[in-house]
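Listed below are the residues making up each chain.
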Amino acid sequence: VADHGRDIAWTPGADSPMHLVRADLLGGVFSVALHLQGLLCLHGSAVALGDGVAAGFLANKGAGKSTLATALCARGASLITDDMLPIDPGPPAMAWPSMPAVRLLQDSAHRLDYAKGPTHPQTGKYHVNELPPDRVERRRVPVAALYELFPVPSATGVPAVQRTRLTGPLAVTTLVRHNRAGTAIGQSDSRHLFMRASDIVRTVPVYRLEVARDFERLDDVIDQLVDWHLSRGAGDAARTASALTE
């Protein structure tokens, strides 16, 4: 990876499976390349809502970030990215679009009506590579909020979803913890991670998002997310972000 991330050279091995090469390029390699261009690449999904502001969902594998993004798209949002979320710290902080595809576990795919055909032989997931054009966001979008997902057991008295604002060092370390480039950038360059995360949290609210792990309550979760971001009506990204930080 050279020229500040603008040039990527790859030499194939004798038996390099192309699906693994693609996954490596779109994951770690692109994350490093974008890091070298000044972005912070996070392990997360993101959708564009309303007048074009982004909500991002950060989580480890299996926590439900792809499920939330796909369910929000069914309600009118458009997919910015799944699995790798590049953010230009700005200001304003901007989410960059990535591959317009999602990978869903079988239970999520059945719930969201994407369980068509076989699952992928390597991942065991449904790879949804063809989303409707109006459900795909190809522009760079101002970030209104970032959510770290925490699935919780569903029970009587447990809200379908609730959020808690994270501030200061806790917000910064949350973003750094979900850094997609990992250790590939080298220790000498790791300070840039903290600087970029700090720049982002100055203008973007970061939340812990507890979501009841119950597909019967998924509609309630989506209703609340939509209400948080759209109930205040139209307006530009700055006004939406300001409302979220009140």
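This structure is a prediction, so every number in the text was calculated from the model and none was measured. (Residues numbered from 1 in each chain as written. Predicted model: local features only at pLDDT ≥ 70, side-chain atom pairs only at ≥ 80, totals over all residues. Heavy atoms only, no water.)

### Here we look at helix α4 (residues 168-177)
For α4, the set of buried residues is Ala171, Val172, Thr174, Leu175 and Val176. Contacts from the buried residues of α4 go to β1 (40-49), β2 (53-58), β8 (141-152), β9 (161-166), α5 (191-203) and β10 (206-212). (Buried < 20%, exposed > 50% of the residue type's maximum accessible area, 1.4 Å probe, protein only. Helix = DSSP H or I, 4+ residues; strand = E, 2+ residues; numbered from the N terminus. Contact = heavy atoms within 4.5 Å.)

### Focus on a nonpolar patch on the surface
Nonpolar side chains collect at one region of the surface, where Val1, Ile8, Phe30 and Leu36 lie side by side and expose about 300 Å² of accessible area between them. In this structure, Ile8 sits in the segment before α1 (18-36). (Patch = residues over 30% accessible without salt bridge, like charges linked within 9 Å, V, L, I, M, F, W, Y side chains within 5 Å. Areas by Shrake-Rupley, 256 points an atom, 1.4 Å probe, with all protein chains shown as cover. Salt bridge = Lys/Arg side-chain N within 4 Å of Asp/Glu carboxyl O.)

### Details of the pairing of β2
A regular strand places its side chains on the two faces of the sheet in alternate fashion. The element β2 is largely enclosed, with a buried count of six among its six residues. Burial along β2 is two-sided: the face carrying Val53, Ala55 and Phe57 and the face carrying Ala54, Gly56 and Leu58 are both buried. Pairing of β1 with β2, which is carried by six bridges, proceeds in the antiparallel orientation. Directly across from Ala46, in β2, lies its bridge partner Gly56. The loop that links β1 with its antiparallel partner β2 comprises three residues; one of these, Gly50, has a positive phi angle of about 55°. As paired strands, β2 and β8 are joined by five bridges and run parallel to one another. Residue pairing across strands places Ala54 opposite Val143, the latter belonging to β8. (Pairing = 2+ DSSP bridges.)

### Re the pattern of salt bridges
Overall, the coordinates contain nine salt bridges when judged by the stated rule. A salt bridge links Asp134 to Arg135; its shortest N-O distance comes to 3.3 Å. Residue classification places Asp134 among the exposed positions, given a relative accessible area of 51%. Among the residues examined, Arg135 registers a relative accessible area of 21% and is labelled partly exposed. The shortest N-O distance in the salt bridge between Arg177 and Glu148 comes to 2.6 Å. Taken together, the residues span a long stretch of sequence, with Arg177 in helix α4 and Glu148 in strand β8 at a distance of 29 residues.

### Quick word on the packing of aromatic side chains
Given two aromatic rings, their pairing is described by the distance between the two centres and the angle made by the two planes. Summed over all chains, the structure comprises three aromatic pairs. Look at Phe57 and Tyr147: their rings are 5.7 Å apart centre to centre, the planes differ by 15°, and that puts the pair in the stacked class. Here Phe57, found in strand β2, pairs with Tyr147, found in strand β8; they are 90 residues apart in sequence, far enough to count as distant. Tyr147 shares its class with Phe57; the two are buried. Taking the centre distance of 6.4 Å and the plane angle of 20° together, the rings of Tyr147 and Trp228 count as stacked. Here Tyr147 is found in strand β8, whereas its partner Trp228 is found in helix α6 (residues 218-230), with 81 residues between them in sequence. Arg163 extends its terminal NZ or CZ atom over the ring of Trp228, reaching a point 4.2 Å from the ring centre. (Phe/Tyr/Trp six-rings, centres within 6.5 Å; stacked < 30°, edge-to-face > 60°. Lys NZ or Arg CZ within 6 Å of the ring centre and 35° of its normal.)

### Quick word on the packing of helix α2 (residues 65-74) against α6
With their axes 10 Å apart at the nearest point, α2 and α6 run at an angle of 70° to one another. Taken as axis vectors, α2 and α6 run roughly perpendicular relative to one another. Listed contacts from α6 to Thr67, Leu68, Ala71 and Leu72 of α2 are Leu218, Val221, Ile222, Leu225 and Val226. Here the residues of the contact of α2 with α6 sort into eight nonpolar, one polar and no charged. (Axes fitted to C-alpha atoms, helices over the stretch in contact; angles between N-to-C directions. Parallel < 35°, antiparallel > 145°, perpendicular 65-115°, else oblique. Nonpolar A, V, L, I, M, F, W, Y, C, P; charged D, E, K, R; others polar.)

### Details of the packing of α4 against α5
Where α4 contacts α5, the two axes come as close as 9 Å, and the packing angle between them is 125°. Comparing the axis directions of α4 and α5 gives the class oblique. Crossing of α4 over α5 shows right-handed handedness. Residues Ala171, Val172, Leu175 and Val176 of α4 pack against Leu193, Phe194, Ala197, Ser198, Ile200 and Val201 of α5. Of the residues contributing to the contact of α4 with α5, the split by class is nine nonpolar, one polar and no charged. (Left-handed = near helix turned anticlockwise from the far one by under 90°.)

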